[in-house]
Amino acid sequence: MKIIRFMTILVISAAVLFGCASLDRPRDTLFQVSTIDALLAGIYDGDATIGEVSRHGDFGIGTFAALDGEMVLLDGTFYQITSDGVAHTVSHDTQTPFCAVTFFEPDMSLFVSDPVDFPGLKEYVGERLPTENVFFAVKVKGTFDEIRVRSIPRQQKPYPVLTEVVKDQPVFTFRNVAGTLVGFVCPEYVAGVNVVGWHLHFIADDRRVGGHVLAFEARDLSVEIDETPSFSLYLPTDASFYGTDLSGDTTDAVGRVEK
Ligand SMILES: [Zn+2]
């Protein structure tokens, strides 16, 4: 009996010393606030602050409380692109109802010298990703001959659902602008939780304009990819999240709000 007990203690100690450490990937975790389906359902009130989110990443995208514009987090700085397409810096007590962030440390770099559009970039990079089954953070720098973005205006209560909001979303086209695309490629099995496939936001190099990317024509793009094989989901605990039916299939709705 004594020997068995001693062995058990040894095994537990080994797990504490070695096993847990190997499962800990704080720098390769996609940290996310709420779900895309909650956003689609009109849950636009922030439950997390930018200051809190900043402890989980220096790179990412999302939106702000009351759906007040598009979020870009690049090199540790949060930008809020309001519905006029203009980028602003953000105070740490600003709240977010939905965002995804990580610490960006590229595992793979590509250079695309030929002119390319958004579908062309997805295809070129997609063919070179090692799998479709983990998250990838994607950073793309270059010159955009043309880039079309949108930015959602701040909403008033009672909040309309997201498919209604985007029907008259402000869309901007910037020409001959240098800038960075920031975003993620998410695996298909996270449907309902995040946007499946590519989701990119844009910020110009002068940090004056940006938005959620709809289309572009670009050249000389340098692409950096950060494999992100862990996921941490922070869910709201307020009455609107607890009381909303999130059981439906929203694949079509996500397609409508992303394009
Ligand atoms: Zn977006």
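Computed from a predicted structure; not experimentally measured.

What counts as what
Residues numbered from 1 in each chain as written. Predicted model: local features only at pLDDT ≥ 70, side-chain atom pairs only at ≥ 80, totals over all residues. Heavy atoms only, no water. Helix = DSSP H or I, 4+ residues; strand = E, 2+ residues; numbered from the N terminus. Rg over C-alpha atoms; globule rule 2.2 N^0.38 Å. Buried < 20%, exposed > 50% of the residue type's maximum accessible area, 1.4 Å probe, protein only. Contact = heavy atoms within 4.5 Å. Donors = N, O, S within 2.8 Å, 3.2 Å for Na, K, Ca; no water. Arc of directions from axis to C-beta. Polar contact = N/O pair within 3.5 Å; in protein donor to acceptor, adjacent residues only side chain to side chain. pLDDT = per-residue confidence, 0-100.

Visitor: So, the overall build of the chain: which residues are in play, and what are the values?
Guide: Looking only at helices and strands, one finds seven helices and 15 strands in the chain. The globule rule puts the C-alpha radius of gyration for 259 residues at 18 Å, and the 20 Å found for the chain is close to it. Taken along the three principal axes of its C-alpha coordinates, the chain extends 75 × 45 × 35 Å. In the chain, which comprises 259 residues, the proportion classed as buried is 49%. Taking the contacts inside the chain whose residues are at least 6 apart along the sequence as the reference set, 79% of them involve residues at least 24 apart.

Visitor: Explain the coordination of the zinc ion to me, and be specific about the residues and the numbers.
Guide: Within the protein, the atoms that donate to the zinc ion are His199 (NE2), His201 (NE2) and His212 (ND1), at distances of 2.0 to 2.1 Å. Linear spacing of the donor residues for the zinc ion on their chain is H-x1-H-x10-H. Here the residue histidine 201 occupies a position in strand S13 (residues 197-204), and histidine 212 occupies one in strand S14 (residues 210-228), the gap between them amounting to 11 residues. On the basis of relative accessibility, which here comes to 1%, the residue histidine 212 falls in the buried class.

Visitor: Explain helix H7 (residues 251-258) to me, and be specific about the residues and the numbers.
Guide: For the α-helix, the turn length of 3.6 residues means that residues three or four positions removed from each other point alike. The complete set of buried residues in H7 reads Ala253, Val254, Val257 and Glu258. In an axial view of H7, the angular spread of the buried residues amounts to 125°, which keeps them on one side of the axis. Exposed positions of H7 whose direction lies more than 90 degrees from the buried face are Thr251, Asp252 and Arg256. For H7, the secondary structure elements touched by its buried residues are helix H2 (36-40), strand S11 (135-150), helix H5 (162-165), S13 and S14.

Visitor: Explain the side chain of glutamate 70 to me, using residue names and the numbers behind them.
Guide: With respect to the element layout, glutamate 70 can be found in strand S4 (residues 70-74). Within the structure, the side chain of glutamate 70 is placed 3.4 Å from the side chain of histidine 201, a separation counted as a polar contact. With near-sequence residues (within four places) excluded, glutamate 70 lies in contact with Gly62, Phe64, Tyr79, Gln80, Ile81, Arg150, Ser151, Ile152, His201, Gly211 and His212.

Visitor: Tell me what's going on with the confidence of the model for the chain, and back it up with residues and numbers.
Guide: Put simply, the chain has an average pLDDT of 92, and 92% of its residues get 70 or more. Low pLDDT, under 50, characterises residues 6-17; the predicted model gives this stretch two contacts beyond four residues in sequence or across chains.

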